[in-house]
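# Observations on the model geometry
This is what each chain is made of:
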Amino acid sequence: MSQAVKEVIRTGRKFDQVLQGAREVFMADGFSGASVDDIAKAAGVSKATLYSYFPDKRLLFTEVARNECQRQADEALELTDLEATPREALMQAAVQITTIITSEFSQRVFRICVAEADRFPELGQEFYESGPMLGRARITEYLNCAIERGEFEIEDMELAADQFSELCKTDLFAKMVFGIQTKFSEAEIERIAAGAVDMFLARYGTEKSR
């Protein structure tokens, strides 16, 4: 069979059904709790069809995880106005970061990555690169522009960018990880975001940015 034909098969309707069904089951039950029977049922295909695409559950899980990481990258932090005032730009970023972190999607993928870290060590790396690392790069891009305008004084850029992201997790992330609270209101998100911005500006902002 030619490579072209293989590509058509792997991007056909049933292939998409298999991925969607597997996504639903893996996101709900994790790798260990997901059965091939449940995945085939959720996908609306036979086990034979499922195995024709993925002869091993590990391969299917890896493909689903890769797609989820791509989704995370697509939803990663976007700073659309690099010329905004420091408080406006940071508030926009903080709300986005906090919203992404506390979304149902991020919570599920995070738990799967942690639970399957020993079995799939490469998964955590891919999750980090498609989410937190992209966020850091975009914050750094903004901060470099702001430094040139004299709005911030920062010696260790990577540390500062990571600190900002961590400030956006304050209180909410621990509640989320331990299952104390999994849904957060706009008011709760804005409260944490505003606190993160205030703290960051107090540490790194110049008189021009305050």
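Remember, it's a predicted structure, so these values are computed and weren't measured experimentally. (Residues numbered from 1 in each chain as written. Predicted model: local features only at pLDDT ≥ 70, side-chain atom pairs only at ≥ 80, totals over all residues. Heavy atoms only, no water.)

Now for the layout of surface pockets. Counted as a void, the second largest pocket has a volume near 230 Å³. Together, 14 residues line the second largest pocket, and Glu 104, Gln 107, Arg 108, Arg 111 and Thr 182 are the ones closest to its centre. Listing elements by their share of the lining of the second largest pocket, those giving two or more residues are helix 2 (13-33) and helix 7 (104-115). Of all the elements, helix 7 adds the most residues to the lining of the second largest pocket, at six residues. Considering only residue class, the lining of the second largest pocket consists of four nonpolar, five polar and five charged. (1 Å grid on protein atoms, 1.4 Å probe; cavity = no way out; pocket = protein on both sides within 12 Å on 5 of 7 lines; lining within 4 Å. Points joined across faces, edges and corners; volume = space filled by probe spheres on them. Helix = DSSP H or I, 4+ residues; strand = E, 2+ residues; numbered from the N terminus. Nonpolar A, V, L, I, M, F, W, Y, C, P; charged D, E, K, R; others polar.)

The next point concerns the side chain of Ser 106. Structurally, the position occupied by Ser 106 is in helix 7. Residue class for Ser 106 comes out buried when judged on its relative accessible area of 7%. Excluding its chain neighbours within four sequence positions, the residues that come into contact with Ser 106 are Ile 100 and Ile 101. (Buried < 20%, exposed > 50% of the residue type's maximum accessible area, 1.4 Å probe, protein only. Contact = heavy atoms within 4.5 Å.)

Looking now at the domain arrangement of the protein chain. Domain boundaries assigned for the protein chain yield domain 1 (1-55) and domain 2 (65-204). Contact with domain 1, which involves seven residues of that partner, is made by 10 residues of domain 2. Surface buried jointly by domain 1 and domain 2 totals about 690 Å² across both partners, of which 60% is contributed by carbon and sulfur atoms. If you sort the residues of domain 1 by the area they bury against domain 2, Arg 23, Met 27 and Phe 31 come out on top, with a joint share of 74%. Taken together, domain 1 and domain 2 are joined by zero salt bridges. Inspection of the region where domain 1 meets domain 2 yields two residue pairs in polar contact (both at pLDDT 80 or more). Grouping the amino acids of the side of domain 1 that touches domain 2 by side-chain chemistry returns four nonpolar, two polar and one charged. (Domains from an automatic or database assignment. Buried area = accessible area lost by both parts, 1.4 Å probe. Salt bridge = Lys/Arg side-chain N within 4 Å of Asp/Glu carboxyl O. Polar contact = N/O pair within 3.5 Å; in protein donor to acceptor, adjacent residues only side chain to side chain.)

Before going further, it helps to spend a moment on empty space enclosed by the protein. Using the criterion set out here, one finds two cavities of 30 Å³ or more in the structure. By volume, the largest cavity is sized at about 70 Å³. Phe 26, Met 27, Phe 61, Val 64, Ala 65, Glu 68, Val 109, Ile 112, Cys 113 and Leu 123 together form the lining of the largest cavity. Residues of the lining of the largest cavity, tallied by class, amount to nine nonpolar, no polar and one charged.

What follows is about the packing of aromatic side chains. A full pass over the atoms with the stated rule returns 12 aromatic pairs. For the ring pair Phe 15 and Tyr 53, a centre distance of 5.4 Å and an interplane angle of 70 degrees mean the geometry is edge-to-face. With Phe 15 in helix 2 and Tyr 53 in helix 4 (residues 47-53), the pair connects residues that are 38 residues apart, well separated along the chain. Looking at Phe 15, the relative accessible area reads 6%, which means it is buried. Judged by centre distance (6.4 Å) and plane angle (80 degrees), the ring pair of Tyr 142 and Phe 152 falls under edge-to-face. Separated by 10 residues along the polypeptide, Tyr 142 in helix 9 (residues 132-148) and Phe 152 in the loop between helix 9 and helix 10 (157-167) bring together distant segments of the chain. When its relative accessible area of 3% is taken as the criterion, Phe 152 is described as buried. A connected cluster of aromatic rings, assembled from ring pairs, spans Tyr 142, Phe 152, Phe 164, Phe 200 and Tyr 204. (Phe/Tyr/Trp six-rings, centres within 6.5 Å; stacked < 30°, edge-to-face > 60°.)

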